Amino acid sequence: MSSAPHTEEQRANSTRIAMEQHSQWLVTAFIASGMLFMLLPGTFLGVWNLIGISQQHTLSTLSPAWLQAHGQAQVFGWIGSFILGIGFYSLTKMQSTLTFPVRAGWTSWGLWTLGIALRWIGGVTGWQWRILLPLSGALELTAFLLFFRSVRRHRPADPAQRPLRRETWMVLVMAATVAFLVAMIVNFAALTHLALYGDSPALPHVFDQQLVVLAVWGVLVPTIWGFNARWLPVFAGFKKPQGVRLLVAYGLSVAGVLAVFAEWLPIAAVLFLFAALLAIDALHVWEPAVQPAKLLHVHKTFPLFIRLTYVWLVVSCVLDALAVLYDHAGGIWGASRHALTVGFIAGMVFVIGQRILPAFCGMRILWSTRLMFWSLLLLHVGCALRVTLEPLAYESYWKFAWKLLPYSAFVELTAVVLFALNIVETLLHAGRQPL
Ligand code: HEM
């Protein structure tokens with residue numbers, strides 16, 4: 001009789017360990033495929049595109065389908081895969097009585113990865129694009145729906161454990177998840193329409209830019225703000241965020257996205273700038289920390305690089321406003337987008353990712369903190385070169401900038417390779433943290 005509770009306890013323990021292991025393998029698969037998309041279809045194609053543009057001295061001769069394939073691979077292939085992987089991993093932390101959705105998780109990973117790969121192949125090669133593009137949209141949407149359903153079902157079983165008022169970070173992450181679903185539906189509808197009525201595997205320019213804004217400002221930026229609100233007070237010792245202010249910042253950014261769809265670009269630029277400044281204020285990013293940062297297993301410049309990403313967010317918004325007034329050849333728009341996607345988003349993923357991913361993927365220790373530093377430094381140097389040179393070259397302010405522009409891509413490429421190397425070595429060879 002006395003051994004029964006013990007056996008019961010052991011059984012519960014081994015179920016918990018098995019669930020933890022499944023979630024670690026799944027998050028590792030999402031991170032690995034995400035990094036593959038980042039490296040080859042994303043960054044190599046981006047570098048290739050930039051070299052082509054620099055040789056032709058214009059953006060207009062480059063295939064729009066190639067530009068869009070690059071953007072899709074980076075935004076959905078890389079960052080999207082990271083979001084899904086971390087989302088699935090977090091299900092084991094929700095104190096739900098449901099077991100980890102192993103089958104839904106792996107099916108979602110398979111469909112998502114195939115969908116992203118087909119989208120890229122259809123866009124870049126043009127082979128059977130009328131079939132591949134809508135098929136990719138359907139696969140991505142189905143994969144996301146599986147993820148969405150798993151997250152919705154995994155709420156704490158005991159109503160007493162459900163918070164009466166959701167914390168701000170949860171509201172932001174949930175809103176970004178709904179926006180992700182909307183982006184997937186719009187993407188699928190647009191690709192189906194393109195396959196039926198279009199004459200090339202590229203979406204019309206204006207609509208494509210709106211879709212990019214929906215994905216970046218609607219999904220990626222609020223996801224970052226949400227997780228920053230949760231983690232920065234712990235990891236970087238920042239003051240606790242001002243919830244209401246952060247929600248107002250989010251509201252302004254949603255209004256900005258709607259303004260872009262209504263083609264009110266000057267209004268959108270102002271809304272994004274105010275949203276960014278308010279979020280910085282609410283998250284206390286540029287204020288002195290109130291507690292020492294937790295720097296074990298990361299480089300000591302961790303808080304500095306967090307702060308720097310927000311400089312890029314503001315630079316991006318200011319350039320956005322300048323682009324509305326002065327852009328003629330896509331150079332100021334491009335610089336604004338690059339400051340946001342590389343300076344803010346990739347910069348944040350590099351710095352936070354090297355802090356959290358080793359633990360999520362099996363309680364490991366980051367392979368090299370020195371490599372972490374160099375990947376971050378080179379990313380920001382490359383981004384600074386690109387953001388400065390792109391308007392000068394594209395807008396014909398300084399012809400010599402065309403010659404320098406490709407170097408920015410090589411510096412960023414090196415940064416990306418160092419980041420990938422550090423994560424891969426961490427997964428393959430680095431030690432584990434004591435439990
Ligand atoms: C080595 C790094 C990168 C290089 C060389 C690069 C290069 C380019 C180039 C040449 C363009 C065409 C527009 C322009 O001339 O500005 C572009 C567009 C774009 N890039 Fe990148 N990029 C890089 C990294 C990234 C990253 C990390 C992301 C996202 C996280 C990203 C997202 C995008 C998006 C969304 C577009 C717009 C695509 C469209 O118009 O549909 N890029 N990039």
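The structure we're discussing is the one just above.
Note that the structure is a prediction, hence the values are computed from the model and not measured.

Each value, and the rule that gives it
Residues numbered from 1 in each chain as written. Predicted model: local features only at pLDDT ≥ 70, side-chain atom pairs only at ≥ 80, totals over all residues. Heavy atoms only, no water. Helix = DSSP H or I, 4+ residues; strand = E, 2+ residues; numbered from the N terminus. Rg over C-alpha atoms; globule rule 2.2 N^0.38 Å. Patch = residues over 30% accessible without salt bridge, like charges linked within 9 Å, V, L, I, M, F, W, Y side chains within 5 Å. Areas by Shrake-Rupley, 256 points an atom, 1.4 Å probe, with all protein chains shown as cover. Salt bridge = Lys/Arg side-chain N within 4 Å of Asp/Glu carboxyl O. Donors = N, O, S within 2.8 Å, 3.2 Å for Na, K, Ca; no water. Near = heavy atom within 4 Å. Polar contact = N/O pair within 3.5 Å; in protein donor to acceptor, adjacent residues only side chain to side chain. Core = buried A, V, L, I, M, F, W, Y, C linked by side-chain atoms within 4.5 Å. Buried < 20%, exposed > 50% of the residue type's maximum accessible area, 1.4 Å probe, protein only. Contact = heavy atoms within 4.5 Å. Axes fitted to C-alpha atoms, helices over the stretch in contact; angles between N-to-C directions. Parallel < 35°, antiparallel > 145°, perpendicular 65-115°, else oblique. Left-handed = near helix turned anticlockwise from the far one by under 90°. Nonpolar A, V, L, I, M, F, W, Y, C, P; charged D, E, K, R; others polar. Phe/Tyr/Trp six-rings, centres within 6.5 Å; stacked < 30°, edge-to-face > 60°. Bend = angle between axes of the 7 residues up to and from the residue.

Caption draft 1: Geometry of the overall build of the protein chain. Each helix and strand in the protein chain was counted, giving 12 helices and 0 strands. Reading the protein chain from its N end, one meets helices and strands in the order α-α-α-α-α-α-α-α-α-α-α-α. Taken against the 2.2 N^0.38 rule, which gives 22 Å for 435 residues, the C-alpha radius of gyration of the protein chain at 22 Å falls within 12% of a compact globule. Here the C-alpha coordinates of the protein chain stretch approximately 85 × 55 × 45 Å along the principal axes.

Caption draft 2: Focus on a nonpolar patch on the surface. A contiguous nonpolar surface patch, about 740 Å² in accessible area, is contributed by Val-318, Leu-322, Leu-325, Tyr-326, Tyr-397, Trp-398 and Phe-400. Mapped onto the elements of the fold, Leu-325 is located in helix α9 (residues 302–326).

Caption draft 3: Here's a closer look at the coordination of the iron atom of the ligand. No other protein atom reaches the iron atom of the ligand as a donor apart from His-70 (NE2), found 2.0 Å away. Within the secondary structure, His-70 is located in helix α2 (residues 64–90).

Caption draft 4: Examining unusual backbone geometry more closely. Unlike most non-glycine residues, His-57 shows phi in positive territory, near 60°. With respect to the element layout, His-57 can be found in the loop between α1 (3–56) and α2. Of note in this structure, His-284 is not a glycine but carries a positive phi near 60°. Position of His-284 among the secondary structure elements: in the loop between α8 (265–283) and α9.

Caption draft 5: Up close: the pattern of salt bridges. With the rule as written, the count across this model stands at 3 salt bridges. Close ionic contact of Asp-281 with Arg-245 constitutes a salt bridge, the shortest N to O distance being 2.6 Å. Taken together, the residues span a long stretch of sequence, with Asp-281 in helix α8 and Arg-245 in helix α7 (residues 243–261) at a distance of 36 residues.

Caption draft 6: A look at the site of the ligand. Residues in contact with the ligand amount to 26 residues; listed here are only the nearest, His-70, Asp-208, Arg-337, Glu-390 and Tyr-394. With respect to the ligand, the side chain of Arg-337 contributes an N or O atom lying 3.3 Å from an oxygen atom. Those elements giving two or more residues to the shell around the ligand turn out to be α1, α2, α6 (205–235), α10 (331–360), α11 (369–394) and α12 (401–428). Here the element with the most residues in the shell around the ligand is α2; it accounts for 7 residues.

Caption draft 7: Spatial organisation of the nonpolar core. Residues Trp-217, Trp-225, Tyr-310 and Phe-344 are the most contacted members of the largest nonpolar core, which totals 116 residues. Ignoring sequence-local partners within four residues, the contact set of Trp-217 consists of Pro-222, Trp-225, Ser-253, Val-257, Phe-272, Leu-313, Cys-317 and Leu-340. Grouped together as the second largest cluster of nonpolar side chains are 12 residues, Ile-53, Ala-393, Tyr-394 and Leu-405 included.

Caption draft 8: Quick peek at the packing of α2 against α6. The contact between α2 and α6 brings their axes to 12 Å, and the two run at 20°. Taken together, the axes of α2 and α6 lie roughly parallel to each other. In terms of crossing hand, the pair formed by α2 and α6 is left-handed. Here Gln-68, Val-75, Phe-76, Ile-79 and Ile-83 of α2 come into contact with α6, specifically with Asp-208, Ala-215, Val-216, Val-219, Leu-220 and Thr-223. Classifying every residue of the contact of α2 with α6 gives 8 nonpolar, 2 polar and 1 charged.

Caption draft 9: Examining the packing of aromatic side chains more closely. All chains considered together, the criterion is met by 24 aromatic pairs. When the centroid spacing of 4.9 Å and the interplanar angle of 20° are considered together, the rings of Phe-227 and Trp-231 count as stacked. Note that Phe-227 and Trp-231 are positioned in helix α6 at a spacing of 4 residues, about one turn of the helix. Under the relative-accessibility criterion, Phe-227 is labelled partly exposed at 22%. Residue class for Trp-231 comes out buried when judged on its relative accessible area of 16%. Plain terms: the ring middles of Phe-350 and Phe-419 are 4.2 Å apart, the flat faces sit at 10° to each other, and that makes the pair stacked.

Caption draft 10: Fine view of α6. Where α6 bends most, the angle comes to about 40°, and this point is Ala-229, followed within four residues by the proline Pro-233. With 23 of 31 residues buried, α6 is to be regarded as a mostly interior element. Just past α6, the residue Gly-237 takes up positive phi, approximately 75°.

Caption draft 11: Layout of the packing of α2 against helix α5 (residues 168–197). At a minimum axis distance of 13 Å, the contact between α2 and α5 shows a crossing angle of 140°. Regarding the angle of α2 to α5, the classification is oblique. Handedness of the α2/α5 crossing: left-handed. When α2 is examined against α5, the residues Gln-72, Phe-76, Gly-80 and Ile-83 are found in contact with a partner set consisting of Phe-180, Met-184 and Asn-187. Residues of the contact of α2 with α5, tallied by class, amount to 4 nonpolar, 3 polar and no charged.

Caption draft 12: Spatial organisation of the side chain of Ser-150. The residue Ser-150 is located in helix α4 (residues 129–153) in this model. Residue Ser-150 is classed as buried on the basis of its relative accessible area, which comes to 4%. Beyond its immediate stretch of four places on either side in the chain, Ser-150 contacts Phe-88, Leu-91, Pro-101 and Ala-104.

Caption draft 13: Structural view of the environment of Leu-377. Within the element layout of this structure, Leu-377 appears in helix α11. Owing to a relative accessible area of 29%, Leu-377 belongs among the partly exposed residues under this scheme. C-alpha separation for the pair Leu-377 and Glu-412, spaced 35 residues apart in sequence, amounts to 9.7 Å.

Caption draft 14: The environment of Trp-367, seen in detail. Mapped onto the fold, Trp-367 is located in the loop between α10 and α11. Considered as a pair, Trp-367 and Ala-12 are 355 residues apart in the sequence and their alpha carbons are 33 Å apart.

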